[in-house]
Every structure is written in structure tokens, then in C-alpha cells.
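Each chain, letter by letter, is given below.
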Amino acid sequence: MNFNFISAKISQKIMNSIFLLSGIITLTILVIILAYILIKGLPVINLEFIFGQVENQGASGGIFPIIVSSLYVTLLSVLISTPLGVGAAIYMVEYANDGKLTRIIRFGAEILASIPSIVYGLFGLSFFVIFLNLGWSIFSASLVLAIMGIPTIFQVSEVSIRSVPSIYVEGSYGLGATKWQTIYKVVLPAALSGIVTGIILGMTRAISEAAAVMYAVGSSITMPISILDPGRPLPLHLYILATEGISLPNAFGTAAVLVIIVLIITFLTNYFTERYQNKMMGK
Amino acid sequence: MEKITVEHLNTYFGDAHILKDINFKVAENTVTALIGPSGCGKSTFLRSINRMNDLIPAFKCDGTLLLDDEDVYAPEMDVVDLRRKVGMVFQKPNPFPKSIFENVAYGLRIHGEEDEDFIKQRVEESLKSAAIWDEVKDKLDKSAMGLSGGQQQRLCIARTIANNPEVILMDEPCSALDPISTLKIEDLIHELKKGYTIIIVTHNMQQASRVSDYTSFFLNGEIIESGRTEQIFVSPKEQKTEEYITGRFG
């Protein structure tokens, strides 16, 4: 912007304030949403709510099978999407020559990331549930979530692997390491905190999905044991409680549990990746 | 006994002809300095010896480059083994973001060494040979990234020595270091000469004259003159060499 009519000093101050204000607004929105959910939800939460079985379709009782369903689909989906996403990122940086193919793969990942989750859900129903005959199950839902998570993990990992300084790579080759030894022992450890960030982004997206899993996971309120059992993750439970008018307080309780789980995952991984990073860099 | 013999070596990056008809010999357990202005091809030449240029897809070369009597560019040459025998120290200290110990143990581990006692002993010997043992012996499990630049460079030399190489290539190893660290590395080169054949690229004329037995002067991808270091610096045969050494260009 060009503020010719005011001095550079004043325009500097105005821009400072605008950016500061955007920061404050963002933070305020976060605080308001978190506070609202926790104020409405926390009163419902007690040991019985967390560890109890679902009763009366969720109007009473607890949400233990729901929490287990959520952790189940999230972990399983990340187990599937991580090797694929990280593998594709390694291929892009270390093996592929930059050209048409890499551009197509990168573009494909962008498109994959922008497909609405309900469309993924519908695909999951017709492909995994019906065509592959996996049924309404934790496994079908995990596959849908895994496909959704791949582009995130891939994109973040690629940036992170690409930013590993080439002097490390040269040092490794200079000592007679093979390509795979260099990738495995030098590149991946140096890129680890970035890769973990990608996995966490994929995880928090997976754990927050209702639309993508609603056609694939069934809607069972009993405890899922095998990966072929149906289940009902937290967001789906919350959606059903609210839309079917079963219990708004319990919907908020469920939302609060979901938010707390996401916060725990985020804080823990940030803590550990930072510690790892500091140890590597000798801080 | 010649350690390295180069005859009619030409190298190319794509269409660019970088090194032109290089003929060069290095005797065992000597230090050879490669001098010349930036972009003259001395680093490219250094990286031809351990085939680091292979990492650049457009690289091509012809001619002969012998290590002892083995052709470095022969199809049956094992590049992994070559780079173990011909170690390299880079311009910018590049320890891995790992502990000091693991940096030195890296070469042993990738070549399949599993005996932890042997690795321990070898790491200690290598750090001693690189004159850095006393400074790091109490913090071997700390990250190498916490060391000063000069210490990092000596650690990189230790890392190279741990592989028990025959030749050590140094690509301007002191250009990122302060004068005191530079002197330490130069002293180290004098020590290392007893057991290794060293080729060092340097921009620093004084350094070349201090550390090397032989010097080759590169210009525009050609070797203008090679000879004993005193001869090159005191009575160069070529006018170009004299002009460069006396600082008239470069």
C-alpha cells in the first residue's frame, strides 16, 4: 500500500496495528469457541460419562465405546496413510527428477486434499463397504480417513524432507553411504519433526471427521473389538445427538471430550518434537 | 609410488566442458594443493576423484583416473568402497545432527561394523588423530551441532579418518573458519600426511605454501602448471602462474 499523504512512520504504525489486530481476532475466536464448548460440555463430563456404555441412544450413560471407536479409526488410518504419504514424499525428493510426473503427483495431491469429506464418505460406502465387501466397519472408515490423510502427510513431509540441507546428504555420500542409508540415517531423522507435524495434522483431521465416516463405519454404539466391527466415532456421535434431538448437553460433553483429545495430541507431540529437535541441534 | 594418476581427463556438465585434458599425478603420503581462481574447475576435479560428481545427473567424463592401478570410472568400480578409501572434507563443516560419537561412528556403521567395542575404540582413535579428543571426550553423547565451526570441521575430519581411508580430499576446509581454527587444521594436515595422501583445494596462497608438498595451478579448466610447492611459489615456469601467485588476477 502506498500512503503518500501520510508519513512513513505513521503508515508503519497503522500497518502494525492492522496485523496485530488480525492476530488478536484470531486468538479471540479460538478462545471463545474453546470456552463455549468447555463451559457447556465440562459439567456433563465425569468418570461415568467417559467410561460408561451408551444408554438410550446417548441420552444417558457414557461414551466409552465412542471414544474407543475414535481412537481406533484415527490410529488405524494414520498407520495406513503415514507410510504412503512419507513414501511418496521420499520418492518426490530423492528419486524423481523434477518434471512432468512430479508436477502431476503434486497437483493430484492438492486435488485429493480439496475433495469435500462427504464425497470421500460416499466413495467409502460404494468402494470399501459394498464393492470390497468390508461392511460397515472400523476398517472401512479407517481406509477412507487414510486416503484423506495421505495428501496432508505427503505435502508436509515433502517440504520437510526437501529442506534437509544438502551438505548433510553430501557428507553421507562422501563417507560411502548408499542412497537408502543416506535417506534412512540422515535425511529422515533430520526431517522427522516436520514429518511428525504432517502426521499430527492428518491425525487431527481424521479424528474430527463425521461426514467422511458416516457411511462407512456404521453407527453402532457397542464397543468395537475387531477392526471389522462397526463403530461410531466422536464427531458422528455428536452429530447424531444434536441432529436427532437426543441430548444437546451430551452433544456438548462429547464435543468437549473431542476437543480435549485433540489438544492433548497436539501439545504432547509439539513437546516431544521440540525436545527431539533441540537434542539433535545441541540446544 | 603414485597413489593417483590422471591422464587426459575431460569432464562435462551437460554441454559445458569443465575440465580440459587434465594430466596429474599424486605420490603416496604427500599433500598436494590445488590453487586457482573461482570457477577454474579445481573443486570439480577434486570431486571427480571420489565420484561425487556422479550425484549431478548431467555429469559426464572421459579419460583415465587411477587410484593405485584401479580405474575409478570402470564399470565394475564399487563407488561405496571407493568413497570409503577416498574420504572427503567439505568447505562448510557438515556434521550430521547426531551426537558427536554417532557422527564418527557413522562410516563404520554404514559399512556394516557391528562390534560396539571396536566402534568405540575406533571413534576414540579417530578423534585423537583429528586433535579434537580432549575437547569432546566428556560430551560424546551431545549433539555435534553444539560445537564451534572449527571443532565441527575437525570432527568431520575424524569422521573421515574413522573409515580408514587411503586418500583424503579437502575442499577449502578452512574457508568458513577463523584464523586460529585454520591453524589447527593446518597443523593437523601436517600430522595426517604421515598416514594419508591428501589433496587440498584452497584459495589461500599462504595456506598452500604452508601445508603442501606439491601444487597444481588450475585456470579455466586446465592445469597450467604442476610442481613442487617451493618451485611453483618461488620460480614458476609459466607467466600465468606467476601473475596469479603475485595477485595480479584471481
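Model, not experiment: these values are computed from the prediction. Every chain's residues receive numbers from 1 upward, in the order its sequence appears when written. Starting at A for chains and at 1 for ligands, labels are handed out in the order in which the entities are written. pLDDT decides what is reported in this predicted model: residues at 70 or higher carry local features, side-chain atom pairs at 80 or more are listed and counted, and totals for whole chains, interfaces and linings draw on all residues regardless.

(A) Structural context of the sheet that holds strand β9 (residues 214-219) of chain B. Residues and elements named next belong to chain B. Strands are treated as partners if at least two bridges between them are detected by DSSP. Here a helix means four or more residues in a row that DSSP labels H or I, a strand means two or more in a row labelled E, and each is numbered from the N terminus. Taken in spatial order, the six strands line up as β6-β7-β8-β3-β9-β10 in an open sheet, and their pairing is mixed. Across the chains shown, the open sheet's two edge strands, defined by having one partner strand only, are β6 (86-89) and β10 (222-228). Strand after strand, the sheet turns through a mean of 15° between neighbouring axes, direction not considered. The pairing of β9 with β10 spans six bridges and is antiparallel. Within β10, the position partnered with Thr-215 by the bridge is Gly-227. Helix axes are fitted to C-alpha atoms over the stretch in contact, other axes to C-alpha atoms as well, and angles between N-to-C directions run from 0 to 180 degrees.

(B) Looking closely at the nonpolar core. Remark: nonpolar core denotes a set of buried Ala, Val, Leu, Ile, Met, Phe, Trp, Tyr and Cys residues whose joining runs through C-beta atoms within 7 Å. Here a residue counts as buried when 20 or more other C-beta atoms fall within 10 Å of its C-beta, as exposed when 12 or fewer do, and as partly exposed in between; the C-beta atoms come from the backbone. In terms of nonpolar packing, the biggest core is built from 132 residues, with Val144(A) and Val213(A) touching the most fellow members. By definition, residue pairs are in contact when their C-beta atoms, positioned from the backbone, come within 7 Å. When neighbours within four sequence positions are excluded, Val144(A) is seen to be in contact with Tyr120(A), Gly121(A), Gly124(A), Phe128(A), Ala212(A), Val213(A) and Ala216(A).

(C) Here's a closer look at the interface of chain B and chain A. Taken together, the contact pairs 25 residues of chain B with 18 residues of chain A. Only α2 (79-85), β6 and α3 (100-110) of chain B provide two or more residues apiece to the side of chain B that touches chain A. When residues of the side of chain B that touches chain A are assigned to their parent elements, the largest contribution, four residues, is made by α2(B). When residue character is reported, Ala, Val, Leu, Ile, Met, Phe, Trp, Tyr, Cys and Pro are called nonpolar, Asp, Glu, Lys and Arg charged, and the others, Gly included, polar. Of the residues contributing to the side of chain B that touches chain A, the split by class is 11 nonpolar, eight polar and six charged.

(D) Up close: the domain arrangement of chain A. All names here are of chain A. Reported domain spans reflect what an automatic or database domain assignment gives. Splitting chain A by domain gives domain 1 (2-44) and domain 2 (47-280). Here the C-alpha centroids of domain 1 and domain 2 sit 30 Å apart. Contact residues are listed per partner, giving seven residues for domain 1 and eight residues for domain 2. Among the residues forming the side of domain 1 that touches domain 2, the class breakdown is five nonpolar, one polar and one charged.

(E) A look at unusual backbone geometry. Residues and elements named next belong to chain B. Unlike most non-glycine residues, Asn-164 shows phi in positive territory, near 55°. Along the chain, the position of Asn-164 falls in the loop between α6 (149-162) and β7 (167-171). With a phi close to 45°, Glu-172 is a non-glycine residue in the positive phi region. Note on placement: Glu-172 falls in the loop between β7 and α7 (179-192).

(F) Focus on the pairing of β6(B). Residue and element names in this part refer to chain B. What you see with β6 is no split at all: Val-86 and Met-88 on one side and Gly-87 and Val-89 on the other are buried throughout. For β6 and β7, the ladder comprises four bridges, and the chain directions are parallel. The residue bridging Met-88 from the neighbouring strand is Leu-169, located in β7.

(G) A look at the sheet that holds strand β2 (residues 16-27) of chain B. All names here are of chain B. One open sheet holds the four strands; their spatial order is β2-β1-β4-β5, and the pairing between them is antiparallel. Every other strand in the sheet has two partners, leaving β2 and β5 (70-71) as the edge strands with one partner each. Judged from the two bridges that link them, strand β4 (residues 59-67) and β5 form a sheet pairing that is antiparallel. The residue of β5 that forms the bridge with Leu-67 is Glu-70.

(H) Representation of the environment of Gly63(B). Residues and elements named next belong to chain B. Assignment of secondary structure puts Gly-63 in strand β4. Sequence-wise, Gly-63 and Cys-40 are 23 residues apart; in three dimensions their C-alpha atoms are separated by 19 Å. In this view, Gly-63 contacts Glu-7, His-8, Leu-9 and Asn-10; residues no more than four positions away in its chain are not counted.

(I) Representation of the packing of helix α4 (residues 116-129) of chain B against α6(B) within the structure. Residues and elements named next belong to chain B. Contact pair α4 / α6: the axes reach a minimum separation of 8 Å and the direction vectors enclose 130°. Considering the angle they form, α4 stands oblique to α6. Considering how the two elements wind past one another, α4 and α6 form a crossing that is right-handed. Between α4, through Arg-122, Val-123, Ser-126, Leu-127 and Ser-129, and α6, the contact on the second element is made entirely by Ala-158, Ile-161 and Ala-162. Taken together, the residues of the contact of α4 with α6 sort by class into five nonpolar, two polar and one charged. Comment on the angle field: the value is read as roughly parallel under 35 degrees, roughly antiparallel over 145, roughly perpendicular from 65 to 115, and oblique elsewhere. Two helices cross in a left-handed way if the nearer one is turned anticlockwise from the farther one by less than a right angle. They cross in a right-handed way if the turn is clockwise.

(J) Helix α7 (residues 166-174) of chain A, seen in detail. Within α7(A), burial applies to Val169(A), Gly171(A), Ser172(A), Tyr173(A) and Gly174(A). For α7(A), the elements touching its buried residues are α8 (179-207) of chain A together with α2 and β6 of chain B. Note on α7(A): the residue one or two positions beyond its end, Gly176(A), has a positive phi of about 95°.

(K) Summary view of the packing of α3(B) against α4(B). All names here are of chain B. One way to put it is that α3 packs onto α4 with a least axis distance of 9 Å and a crossing angle of 110°. Taken together, the axes of α3 and α4 lie roughly perpendicular to each other. Note on packing geometry: the crossing formed by α3 with α4 is right-handed. Residue-level contacts link Phe-101, Val-104, Ala-105 and Leu-108 of α3 to Ile-119, Arg-122, Val-123, Ser-126 and Leu-127 of α4.

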